[in-house]
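# Chains, contacts and geometry: an overview
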Amino acid sequence: MAKDLSQSKWHGIPRQDIAWYPTVDADACIGCELCYVTCGREVYEISLLDRDRRKAKVERPYNCMVGCSTCAVVCPTQAISFPSRDIVLQLEREYKIFKLVHAEAKEKRDKAASLVTRQEAEEKIAGTSSQVRVRIAGVFGEKRFLVKLQDLIKGRPYDIVDLQLHVPTLKGLLENTPAYMDFGVVSTTQEDVTTFLNELRAIVTENDLVWVEQR
Ligand code: SF4
Ligand code: SF4
């Protein structure tokens, strides 16, 4: 259902005190419906006169945005007219609206600033992760690296999960050819694991392994 803005205010002025709304010359209107689809404030409705003939009618005049004249600009037959803008200028002076306008402008700036702050906070949160999957490669040999991993997480709020060693061939393993190791790094307290990953990278390098990727 269309919203009725007739009881609203324009910078403190009751909307019904402002005679700014379109008038349609029915004779000039060819029923193209452009005004109806252009206006985002549901000022217009279209009357169906018979099967093919349509006419635009101003159904909710006070929904019209004060100062807007878009529908008149796009109307192909110039069937839409507005009063002189002097009526708006006169009301601006009469009601001394600028104090209120400054307050509204401040509110708008404050809202925009708090939106930016919120977006930055959301981006920061999105940039952190409490769960990361890591792939490393190299010669793993015995259990040297696994022991270091165990030491790294001992007594700390992190864990290594779903650890898989991918060995291309068994012969290769015996001949110490490179293999891949995949595992998940999780924070058991749902904190960001970035700092922990830096420590993990350090022991990967110390063990002559290669950090292939994290995702
Ligand atoms: S844009 Fe003009 S011609 Fe088209 S329906 Fe509206 S008033 Fe009529
Ligand atoms: S001037 Fe703007 S707000 Fe008013 S009826 Fe036309 S398009 Fe809608």
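Residues numbered from 1 in each chain as written. Chains lettered and ligands numbered in written order. Predicted model: local features only at pLDDT ≥ 70, side-chain atom pairs only at ≥ 80, totals over all residues.

### Points about the overall build of the protein chain
- Each helix and strand in the protein chain was counted, giving seven helices and ten strands.
- On C-alpha atoms alone, the protein chain measures out to a radius of gyration of 34 Å, which is more than a quarter above the 17 Å that the 2.2 N^0.38 rule sets for 215 residues.
- Projected onto its principal axes, the C-alpha coordinates of the protein chain cover approximately 95 × 50 × 25 Å.
- The long-range fraction of contacts in the protein chain, counting pairs at least 24 apart against all pairs at least 6 apart in sequence, stands at 65%. (Helix = DSSP H or I, 4+ residues; strand = E, 2+ residues; numbered from the N terminus. Rg over C-alpha atoms; globule rule 2.2 N^0.38 Å. Contact = placed C-beta atoms within 7 Å.)

### Considering the site of ligand 2
- Taken together, Pro22, Thr38, Cys39, Arg41, Val43, Cys64, Met65, Cys68, Ser69, Thr70 and Cys71 make up the full set of residues adjacent to ligand 2.
- Residue composition of the shell around ligand 2, grouped by class: seven nonpolar, three polar and one charged. (Near = placed C-beta within 6 Å. Nonpolar A, V, L, I, M, F, W, Y, C, P; charged D, E, K, R; others polar.)

### Some remarks on unusual backbone geometry
- Its identity is not glycine, yet Glu42 carries a phi of approximately 55°, on the positive side.
- Tracing the sequence through the fold places Glu42 in the loop between helix 1 (34-38) and strand 4 (44-48).
- Given 16 C-beta atoms within a 10 Å radius, Glu42 is considered partly exposed.
- The phi angle at Asp162 is positive, at roughly 50°, despite the residue not being glycine.
- Assignment of secondary structure puts Asp162 in strand 8 (residues 158-166).
- Take Asp162: there are 9 C-beta atoms within 10 Å of it, and that puts it in the exposed class. (Buried ≥ 20, exposed ≤ 12 C-beta atoms within 10 Å, placed from the backbone.)

### Examining the domain arrangement of the protein chain
- Domains assigned within the protein chain are domain 1 (9-97) and domain 2 (131-214).
- Computed over C-alpha atoms, the centres of domain 1 and domain 2 are 68 Å apart. (Domains from an automatic or database assignment.)

### Some words on the environment of Val147
- Its place among the elements puts Val147 in helix 5 (residues 144-153).
- Taking C-alpha positions, Val147 is 15 Å from Gln164, a pair spaced 17 residues apart along the chain.

### Overview of the sheet that holds strand 7 (residues 131-138)
- Pairing in this open sheet of four strands is antiparallel, and the strands run 8-9-7-10 from one edge to the other. Lying at the two open borders of the sheet, with one neighbouring strand each, are strand 8 and strand 10 (210-214). The sheet shows a mean angle of 25° between the axes of neighbouring strands, taken without regard to direction.
- With four bridges connecting them, strand 7 and strand 10 associate as antiparallel partners. If you follow Arg135 over to strand 10, its bridge partner there is Glu213. (Pairing = 2+ DSSP bridges. Axes fitted to C-alpha atoms, helices over the stretch in contact; angles between N-to-C directions.)

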